[in-house]
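Structure assessment
Residues per chain are reported as follows:
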Amino acid sequence: MWHIGGAGVAGSYLYRRLKDSGFDVSIYDPKRPDYYIPCGYATNKNHISGFLGNVSVSIDEILEREAHEIKISGNNFYVTDFLPRGLCTIDKMKMEKLMVEDEHISRFMIPKGSGNIIDATGVSRYYLGKVQNDLKMYAMEKVCRESPYNDFYFNFFKGGTGYFWSFPLKDRYHIGAGGTNLEEVKSYLENYHGERVVARNIRMMPTIENIFSHDAIGVGESIGYISPLLGEGIVPAMENAELLFQCMKKTGEIDELKIIYEKAARKKLLLYGQIGKLVINIQKKKVFNMHNILSIRKAIHEVENFGMKPEIMKILGHFIFNTD
Ligand SMILES: Cc1cc2nc3c(=O)[nH]c(=O)nc-3n(C[C@H](O)[C@H](O)[C@H](O)COP(=O)(O)OP(=O)(O)OC[C@H]3O[C@@H](n4cnc5c(N)ncnc54)[C@H](O)[C@@H]3O)c2cc1C
């Protein structure tokens, strides 16, 4: 029997895939139903739809708002438009419920000694355990009734240390900021009144050498399967859960499963590691080096994956020529 810890995106998706395929699986999450976990709820409609199809959920059931206009600003460029390429907001909590009904979730931790654990606990890595040099950023979000920005808006902090966002939902806005300095993050949000104010850390680097413990296998943000550039983790969590599911179908033997899953996940984890290093280099003002030159295209591809077509020269200009 498999025990999944965490009924977030990765855990709920994986549970549903395994259950539908006849696996013996249970899922645990101590959070109470409807407990709100901070997330901007932005994703790429074109990319998430395929994964939703695998779990019999339609994008129309969860779609909140599609981007028509995406405004981006930074410390050395005025507000500029990026073309939308699938960027939207979804009702993430509803999506999780459609994948796993509340009554199937055990509202406590996996009992000790259960074995065969899948750690989908996100940033906490509760079952996998802590790792050294686990790089995280601060993130804070307010759920607001009003925003000065009607559509999607991003504002990059000076020196690439984080960004502010305002994302529209059907009748609310997710207004938030994430970055390396908590005071800076808070300062971007102090003028907004939120019905809810929530905060948590977000993993910035994959934990490539620590995706297993003796009795647990990690999936989703628990192993840093999240884009470090924009903190996009919804589609990556589903992608990673799908990889694990495909590997579990191939073998029931744990040691073999670990080998094939590590191999399957490694390519993307290495990519996230490379982009994470680019972000850190820029934050440390180490701009002109071979690593950055080799990584910049991949980073721009990550922006496109999130659902927008960036103006490359403006992004380069922002990070390269004015990072003081
Ligand atoms: C402020 C903020 C804004 C973000 N905005 C976006 C965005 O707009 N778009 C995007 O794509 N990504 C965004 N992300 C990232 C995204 O939310 C996550 O990367 C994604 O949800 C990770 O999915 P997951 O399933 O790995 O973990 P999570 O969705 O975090 O789920 C983890 C689950 O584990 C549970 N849990 C914790 N401990 C235990 C335990 N001991 N036992 C059992 N269960 C446990 C938790 O209650 C939770 O339900 C944002 C993150 C933050 C912090």
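One structure accompanies this document, and this report is about it. (Residues numbered from 1 in each chain as written. Predicted model: local features only at pLDDT ≥ 70, side-chain atom pairs only at ≥ 80, totals over all residues.)

Before going further, it helps to spend a moment on the sheet that holds strand 8 (residues 105-106). Reading across from one edge, 8-2-1-9-15 is the order of the five strands in this open sheet, with parallel pairing throughout. Looking at the sheet topology across the chains shown, the edges are occupied by strand 8 and strand 15 (216-218). Across four bridges, strand 1 (residues 2-5) lies against strand 2 (residues 25-28) in parallel orientation. By the bridge assignment, G5 is partnered in strand 2 with Y28. (Pairing = 2+ DSSP bridges. Helix = DSSP H or I, 4+ residues; strand = E, 2+ residues; numbered from the N terminus.)

The first and last C-alpha atoms of helix 1 (residues 9-20) sit 17 Å apart over twelve residues, in line with the 16 Å expected at 1.5 Å per residue. Counted residue by residue, helix 1 has ten buried out of twelve residues, so it is predominantly covered. Structurally, helix 1 contributes buried residues whose contacts are with strand 1, strand 2, helix 2 (45-54), helix 4 (92-99), strand 9 (117-119) and helix 6 (234-250). Just downstream of helix 1 lies G22, where phi reads positive at about 85°. (Expected span 1.5 Å × (residues − 1). Buried ≥ 20, exposed ≤ 12 C-beta atoms within 10 Å, placed from the backbone. Contact = placed C-beta atoms within 7 Å.)

With that out of the way, let us pick up the sheet that holds strand 3 (residues 42-44). The three strands are arranged 3-7-4 in an open sheet whose pairing can be described as antiparallel. The open sheet terminates on both sides in strands that have one partner only, identified here as strand 3 and strand 4 (63-66). For this sheet the average axis-to-axis angle between neighbouring strands, irrespective of direction, equals 40°. Along the sheet face, helix 2 touches strand 3, strand 4 and strand 7 (87-90) and points at about 80° away from the line of strand 3. (Axes fitted to C-alpha atoms, helices over the stretch in contact; angles between N-to-C directions.)

In the region of the ligand, 38 residues are neighbours, and G8, G40, G122, G220 and G233 sit closest. Mapped onto the shell around the ligand, the elements with two or more residues apiece are helix 1, strand 3, strand 10 (136-144), strand 14 (196-203) and helix 6. Among the elements that line the shell around the ligand, the one with the most residues is helix 1, at three residues. A class-by-class count of the residues in the shell around the ligand yields 18 nonpolar, 14 polar and six charged. (Near = placed C-beta within 6 Å. Nonpolar A, V, L, I, M, F, W, Y, C, P; charged D, E, K, R; others polar.)

On to the environment of E304, then. By secondary structure assignment, the location of E304 is in helix 8 (residues 290-306). When the 14 C-beta atoms within 10 Å are taken as the criterion, E304 is described as partly exposed. Along the primary structure E304 and N44 are separated by 260 residues, whereas in three dimensions their C-alpha atoms are 9.2 Å apart. Sequence-distant contacts of E304, defined by excluding residues within four places in its chain, comprise R85 and K309.

Attention now moves to the nonpolar core. Ranked by size, the top nonpolar core spans 82 residues in total, and within it L14, V219 and A241 carry the most contacts. At nine residues, helix 6 tops the list of elements feeding residues into this core. Beyond its immediate chain neighbours, meaning those up to four positions away, L14 contacts I4, I118, A120, V219, A241, L244 and F245. (Core = buried A, V, L, I, M, F, W, Y, C linked by C-beta atoms within 7 Å.)

Below, the discussion takes up the packing of helix 6 against helix 7 (residues 254-283). Running from amino to carboxyl end, helix 6 crosses helix 7 at an angle of 145°, the nearest separation of the two axes being 9 Å. For the pair helix 6 and helix 7, the crossing hand works out as right-handed. Contacts between helix 6 and helix 7 involve N240, L243, L244, C247, M248 and K250 on the former and, on the latter, L257, I260, Y261, A264 and A265. For the contact of helix 6 with helix 7, a count of residues per class yields nine nonpolar, one polar and one charged. (Left-handed = near helix turned anticlockwise from the far one by under 90°.)

These results come straight from atomic positions and should not be treated as a statement about function.
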